[in-house]
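A closer look at the structure
Listed below, chain by chain, are the residues.
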Amino acid sequence: MQPDGYFNYNGKLYKNEKSVISVSNRSFRYGDGCFETLKMLNGKICLHTMHLERLFVSLQQLHFNRPNYFITDSFQEQVLEVAKKNHHKKAARVRITIARGDGGLYDPENDFPNYVIQTWDLNSANNRLNENGLVVGIHTDARKINDAFSHIKSNNYLCYAMAAYWAKENKLNDALVLNAQGNVADTTIANVFIVQNGVIKTPALTEGCVGGIMRKYLLKCLREENIPVEETTISPDDILNASEVFFTNTIFGIKWVKEVNDVYYKTQTAPLLYEKFIAPLWNQ
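A brief structural summary. (Residues numbered from 1 in each chain as written. Predicted model: local features only at pLDDT ≥ 70, side-chain atom pairs only at ≥ 80, totals over all residues. Heavy atoms only, no water.)

**A look at the overall build of the protein**
Note the following rule: Each helix is a run of DSSP H or I of at least 4 residues and each strand a run of E of at least 2, with the numbering of both proceeding from the N terminus. Radius of gyration here uses only the C-alpha atoms, and the compact-globule reference equals 2.2 Å multiplied by the residue count raised to the power 0.38. For every residue, the accessible area obtained with a 1.4 Å probe (protein chains only) is divided by the maximum for its type, and the residue is called buried under 20%, exposed over 50%, and partly exposed between those limits.
When helices and strands are tallied, the protein shows seven helices and 15 strands. A globule of 284 residues ought to have a C-alpha radius of gyration of about 19 Å, and the protein, at 19 Å, matches this closely. Reported as C-alpha extents along the three principal axes, the dimensions of the protein are approximately 50 × 40 × 35 Å. For the protein, buried positions account for 53% of its 284 residues.

**Describing a nonpolar patch on the surface**
The cut-off we apply is this: Only residues whose relative accessible area exceeds 30% and that form no salt bridge enter a patch; like-charged residues are grouped when within 9 Å of one another, and nonpolar side chains (Val, Leu, Ile, Met, Phe, Trp, Tyr) when within 5 Å. Exposure was quantified through the Shrake-Rupley algorithm and a 1.4 Å probe, taking into account, for residues, occlusion by the shown protein chains and nothing else. Whenever a carboxyl oxygen of Asp or Glu lies within 4 Å of a side-chain nitrogen of Lys or Arg, that contact is scored as a salt bridge.
A surface patch of nonpolar side chains, about 350 Å² in accessible area, is lined by I21, V23 and F28. According to the relative accessible area criterion, V23 is exposed, its value standing at 66%.

**Focus on the packing of helix α5 (residues 213-224) against helix α7 (residues 269-282)**
Note the threshold: Lines are fitted to the C-alpha atoms to define the axes, a helix being fitted only along its stretch in contact, and any angle between axes, read from their N-to-C directions, falls within 0 to 180 degrees. Orientation categories follow fixed angle ranges, with anything under 35 degrees roughly parallel, anything over 145 roughly antiparallel, 65 to 115 roughly perpendicular, and all other angles oblique. Handedness of a helix crossing follows the sense of rotation of the near helix relative to the far helix, less than a right angle counterclockwise being left-handed and clockwise being right-handed. Two residues form a contact once any of their heavy atoms are found within 4.5 Å. Amino acids are sorted into nonpolar (Ala, Val, Leu, Ile, Met, Phe, Trp, Tyr, Cys and Pro), charged (Asp, Glu, Lys and Arg) and polar (every other residue, Gly among them).
Look at α5 against α7: their axes get within 11 Å of each other, and the N-to-C directions meet at 125°. Here α5 lies oblique to α7, going by the angle between them. Here α5 and α7 pass one another in a crossing that is right-handed. Contact with α5, carried on its side by M214, Y217, L218, C221 and L222, involves L273, F277, I278, L281 and W282 of α7 and no other residues of that element. Here the residues of the contact of α5 with α7 sort into ten nonpolar, no polar and no charged.

**Considering the nonpolar core**
Defined as follows: Take the buried Ala, Val, Leu, Ile, Met, Phe, Trp, Tyr and Cys residues and link them wherever side-chain atoms come within 4.5 Å; each set so joined is a nonpolar core.
Within the largest apolar cluster, 29 residues are counted, with the highest numbers of intra-cluster contacts made by I200, Y217, F246, I254, F277, I278 and W282. Put simply, the parts of the chain that give this core at least two residues each are β10 (191-196), α5, β14 (253-260) and α7. The greatest single-element share of this core, amounting to eight residues, is contributed by α7. Leaving out residues up to four positions away in the same chain, Y217 has contacts with L47, M50, F277, I278 and L281. The next biggest cluster of nonpolar side chains, apart from the first, holds 22 residues, and it includes L59, F75, V82 and I98.

**Observations concerning the sheet that holds strand β2 (residues 12-15)**
Two modes of strand pairing occur in sheets, parallel and antiparallel, and in both the strands are linked by backbone hydrogen bonds. As a reminder of what qualifies: Strand pairing follows a simple DSSP-based rule, namely that at least 2 bridges must link the two strands.
Strand order in the open sheet formed by six strands is β2-β1-β6-β5-β3-β4, and the pairing between neighbours is antiparallel. Where the open sheet ends on each side, the last strands, each with one partner, are β2 and β4 (44-45). Both strand β1 (residues 6-9) and β2 contribute to a ladder of four bridges, which runs antiparallel. Across the sheet, Y6 pairs through a bridge with K15, a residue of β2. Sitting on the sheet, helix α2 (residues 48-61) touches β3 (33-41), β4 and β5 (91-99), and the angle it makes with β3 is about 175°. The sheet strands contacting helix α3 (residues 73-85) are β1, β2, β3, β4, β5 and β6 (114-121), and the helix crosses β6 at an angle near 40°.

As structure tokens, then:
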């Protein structure tokens, strides 16, 4: 983040060096909150309706008050205002962070969703399918719990942070994160898809993966085109025996994987899906 940049806190713009939360903040203390990552291209938020719907559902499930302004045009205008103020006109990564505010574990001051809107410049490479396949490992130390809250993009991100440290230490592009049963949940920043016997498969939400927006969008597209797809359980062996592996998230759409734990893959499905379903999003 640029030191001379700006962010929005509860509707007001501040310079990045401004402190707006206290040491008693429940998100700082307990990870009590959630966030959304969005992609802005040419002044428009990609799949914005899906993002704001997910944010609204997350607020409800986390027992926040749900101000209606989160799903209004004026809130979207606040996002675009921050991007403009930071000179991110063509492409930006946007993060909306929600935190409950101050209080102890049993006595929050209130359930108001304090929000922070931040933007970062986005490299144009994120608007193309990756030329070089990702090199990935399977992380086994940190496990993602699969419960009623696991699909939320929670501010409690410890297992992903530790998996990301491990990936960096081992010079990997990303790490697969397992759930408590030892099956694949997702990666540190993306949802997982494999191709197995001609069927596209992805971990079901009950497996502990984040309910990714690009995941949701791609599943919708695949079903509308009657392309075989399953939300199911995927084991590490399924990954290693798949014919293809690729990841999805809001920022890059789809990235294909070249290698997992010294097993190599070719790519055929990912480029086709990218051109048919993802590239049109970036060109709207």
